[in-house]
Structures are given as structure tokens and as C-alpha cells.
Amino acid sequence: MKKIIMLFFLVSSSILFASVNAVVSILPEKTFVKAIGGDKINVSLMVQPGAEPENYEPKPSQMKDIVKAQVYFAIGVEFEKIWIPKFSHQNSKMKIVDLSTSIQKISMPTFNDTNKKIDNGAMDPHIWTSPDNIKIIALNILNALCVLDRDNRLYYHKNYQQFIGGVNKIDAQIKEILKDTPKNTKFMVFHPSWGYFAKQYQLDQFPIQVEGKAPKPRELGYIIKKARDENIKAIFTQPEFSDKVARVISKELGIKVIKATPLAADWSQNLINFATSIATSH
């Protein structure tokens, strides 16, 4: 009986210690990492649902996850600039993996106070809104896990292949949904977080924000005129931001306000829903 108990303890311990402890910044990342890591990895989330990645501050309880983590999967959201150096100081052995490696970033468009669409030099961190980028993110996750946990490389590769197959199916579904939507169709957003989606499917993102802030009355008048000229049919807003300005535009133009967040855990259904909203509003 003692031998059976000891064997059970050894097996349980090996399973316990076989897991990789990882930390991610946002919900979509957690979904990607779990899809490839499966039951070999424990994933802790920093930016909690409903919070903005731009100014998130981790809770003291979350710092415990940093202390025991072997890897932090960074993706380029704003709060990482301040906090990742602090995380590294807290746990110098923790490996930092940049999931945006090999992804060609695009600028984040905005309007300035002279009502001109400009490139203010800020790069768009929302890389995960494009299936093409998601495949690169997945490969970066796979490579990192195969280094951290070499014994389970075949397991990670199998999960990766299955995940990529799913991404390709979602891409095909989105193309089918948008097949009758004209190229360069404009869709209006408050926060310009769908640039990579727009680029992949040859659409045009029209942001409401002016240099990262809600527009002033004069700027708002220009945006309303521009939206009317472009025959905009809907405004997309994120639950993480106020929709006050969007409601004003909606009332003025008689168009819909649609809630859509790029931070949903179910990335695949989220992209399908977003594509459907664009297709049905034009």
C-alpha cells in the first residue's frame, strides 16, 4: 500500500512540476497560449476583463504570479512599457517573449486639430485582430514553449498545427462574409484598434479620436460631415471606452452604435461577429 501511495505521489508531482507557469497581458493572448500549451501550461492574466491595457496597474495579488512565472508573453500593449521592467526586477529568471516578433506593425491613424488624418508616429499594438498575425503569434508561442519545455515539444507542435488549421478556417469564413463588401469600405471606430483587420481584408478604418482623445465640438462637426460624405452606416465602440461621442454622432446621422472589443477571449467568434457587422451595415 505504501508503494502505491508513493508511486501516486511521484506521478502527481511529475505532472505538477511539468507545467510551465506563464503570464500574459490580455485575454486573447491567454486563449492563444492555452490553445498551444494545453494542460502543460498554467496561464495567468494581467489586464482583467473590462479594463484598458493603456493604463492598467497590476494588483498586488497578481505580482505573486510574476514571482512564480517562467515566462511572460508580451504583445506590445501600452502598460507593458512601464510594467515589464518592474516584472523583470521582481523575477529576473522569468523569460520575456515578444509575441509581436516578425509582425510588420502599422501606424495608428488619428485626426489632428486641423481635421486632417495623420500618422502621429504611434504604432498600432492591436496585432491580434488579424488572422495572418495570429498565425505568427502562434509560432512565437510554439517556439518559446519548445525551448522552455523540450520534453513536450511534440505535444506543442500537435496543438499548434490544430490551432493553425482553425485560424485558416476563420480567415476563410471572414472572406466569405465580406465577399460582397466593396474594397476600401470605411467603418467608423472610436478607438482605432482594428487596423490590422482592415489591412488584411482591404477595408478602411475611420477613427473618431483626435490625437488619442475625444474630439472637441469643432472637430466633431468635421467628423460628422466626413462620415456623412463617406456614407458611414455604423460606429463601432469598445466597452472599455465611453461611447458618449459615438452616441452624439449616431443621433446626428441616424446610424447604429455597435459594441465591439478586440479584447474578447473568444477571438475567433469575435472576428466573425465584427466582419458580419461591417458586411450587414453597408
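Here, residues in each chain are numbered from 1, in the same order as that chain's written sequence. Only residues with pLDDT of at least 70 get local features here, since the model is predicted, and only at 80 or more are side-chain atom pairs given and counted; chain-wide, interface and lining totals rely on the full set of residues. Note that water and hydrogens are dropped before the side-chain values are worked out from all heavy atoms of the structure.

1. Overview of helix α9 (residues 244-253)
In plain terms, the rule: Think of it in three bands: residues with accessible area under 20% of the maximum for their type are buried, residues over 50% are exposed, and the middle band is partly exposed, with areas taken using a 1.4 Å probe on protein chains only. Strands here are runs of E lasting at least two residues and helices are runs of H or I lasting at least four, both read from the DSSP assignment and numbered beginning at the N terminus. By arc we mean the arc of the directions from the helix axis to the C-beta atoms, nothing more. Here, two residues are considered to be in contact whenever any of their heavy atoms come within 4.5 Å of each other.
For α9, every residue scored as buried is listed here: Val-245, Ala-246, Ile-249, Ser-250 and Leu-253. For α9, the angular spread of buried residues about the axis comes to 140°, placing them on one side. Across α9 from its buried face, at more than 90 degrees, point the exposed residues Lys-244 and Lys-251. Summarising the contacts, the buried residues of α9 are in contact with β7 (186-189), α8 (217-229), β9 (234-237) and β10 (256-259). Two residues or fewer after α9 comes Gly-254, characterised by a positive phi angle close to 70°.

2. Description of the packing of aromatic side chains
The condition is simple: Planes of paired rings set the category: under 30 degrees apart is stacked, over 60 is edge-to-face and the rest tilted, where pairs are Phe, Tyr or Trp rings (Trp by its six-membered ring) whose centres lie within 6.5 Å. Only when the NZ of Lys or the CZ of Arg is both within 6 Å of the ring centre and within 35 degrees of the ring normal is a charge said to sit over the ring.
Across all of its chains, the model carries 15 aromatic pairs by this definition. One aromatic cluster is present, built from ring pairs that chain together Phe-187, Trp-194, Phe-197, Tyr-201, Phe-236 and Phe-274. The ring of Tyr-155 has Lys-40 lying over it, and the distance from NZ or CZ to the ring centre is 5.2 Å. Here the basic side chain of Lys-86 rests over the ring of Trp-83, its NZ or CZ set 4.4 Å away from the ring centre.

3. Quick notes on the environment of Val-77
Relative to the helices and strands, Val-77 resides in the loop between β3 (71-74) and α4 (80-90). The spatial distance from the C-alpha of Val-77 to the C-alpha of Asp-124 is 8.9 Å, given a sequence separation of 47 residues. Excluding anything up to four places from it in sequence, Val-77 contacts Ser-25, Ile-26, Pro-53, Pro-125 and Trp-128.

4. Structural notes on the nonpolar core
Which entries qualify depends on this criterion: Side-chain atoms within 4.5 Å link the members of a nonpolar core, which is a set of buried Ala, Val, Leu, Ile, Met, Phe, Trp, Tyr and Cys residues.
The biggest cluster of nonpolar side chains holds 71 residues, and the ones touching the most others in it are Tyr-72, Phe-73, Phe-87 and Phe-197. Per element, the largest residue contribution to this core is eight residues, and it comes from helix α5 (residues 131-148).

5. Some thoughts on the pairing of β3
How we decide: Each pair of strands is called paired provided DSSP finds at least two bridges between the two strands. Place the viewer so that the strands point away; then a crossover is right-handed whenever the path from the first strand over the helix to the second strand goes clockwise.
With burial as the criterion, each face of β3 is covered, one bearing Val-71 and Phe-73 and the other bearing Tyr-72 and Ala-74. Looking at chain direction, strand β1 (residues 20-24) and β3 are connected through three bridges and run parallel. Its bridge partner being in β3, Val-24 is matched across the sheet by Phe-73. One ladder, built from four bridges, connects β3 with strand β4 (residues 95-98); its direction is parallel. Each bridged residue has a counterpart across the sheet, and for Val-71 the counterpart in β4 is Lys-95. In the classification by handedness, the crossover that spans β3, the intervening α4 and the parallel β4 is right-handed.

6. Examining the packing of helix α6 (residues 153-177) against helix α10 (residues 267-280)
As a reminder of what qualifies: Lines fitted to C-alpha atoms define the axes, with helix axes restricted to the stretch in contact, and inter-axis angles between N-to-C directions lie between 0 and 180 degrees. By definition in this entry, angles of less than 35 degrees are roughly parallel, angles greater than 145 are roughly antiparallel, angles of 65 to 115 are roughly perpendicular, and the rest are oblique. Any residue that is not Ala, Val, Leu, Ile, Met, Phe, Trp, Tyr, Cys, Pro, Asp, Glu, Lys or Arg is counted as polar, Gly included; the first ten are nonpolar and the last four charged.
Running from N to C, α6 and α10 cross one another at 10°; their axes reach a closest spacing of 9 Å. In terms of orientation, α6 and α10 fall into the roughly parallel class. The segment α6 lies against α10, with Phe-163, Val-167, Ile-170, Gln-173, Ile-174 and Ile-177 engaging Trp-267, Ser-268, Leu-271, Ile-272, Ala-275, Thr-276 and Ala-279. Its residues placed into classes, the contact of α6 with α10 shows ten nonpolar, three polar and no charged.

7. Digging into the pattern of salt bridges
Condition: In what follows, salt bridge is the name for a side-chain nitrogen of Lys or Arg lying within 4 Å of a carboxyl oxygen of Asp or Glu.
Enumeration according to the criterion identifies ten salt bridges in this entry. Here Lys-175 and Asp-171 are joined by a salt bridge, their closest N and O atoms 3.3 Å apart. Of this pair, Lys-175 and Asp-171 are both found in helix α6, four residues apart, which corresponds to roughly one turn of the helix. We classify Asp-171 as buried; its relative accessible area is 10%. Across the salt bridge formed by Lys-186 and Asp-204, the nearest N and O atoms sit 3.1 Å from each other. Of this pair, Lys-186 sits in strand β7 while Asp-204 is found in strand β8 (residues 204-207), placing the two residues 18 residues apart along the sequence. Ionic contacts of the salt-bridge type, sharing partners, join the residues Lys-186, Asp-204, Lys-226 and Glu-230 into one network.

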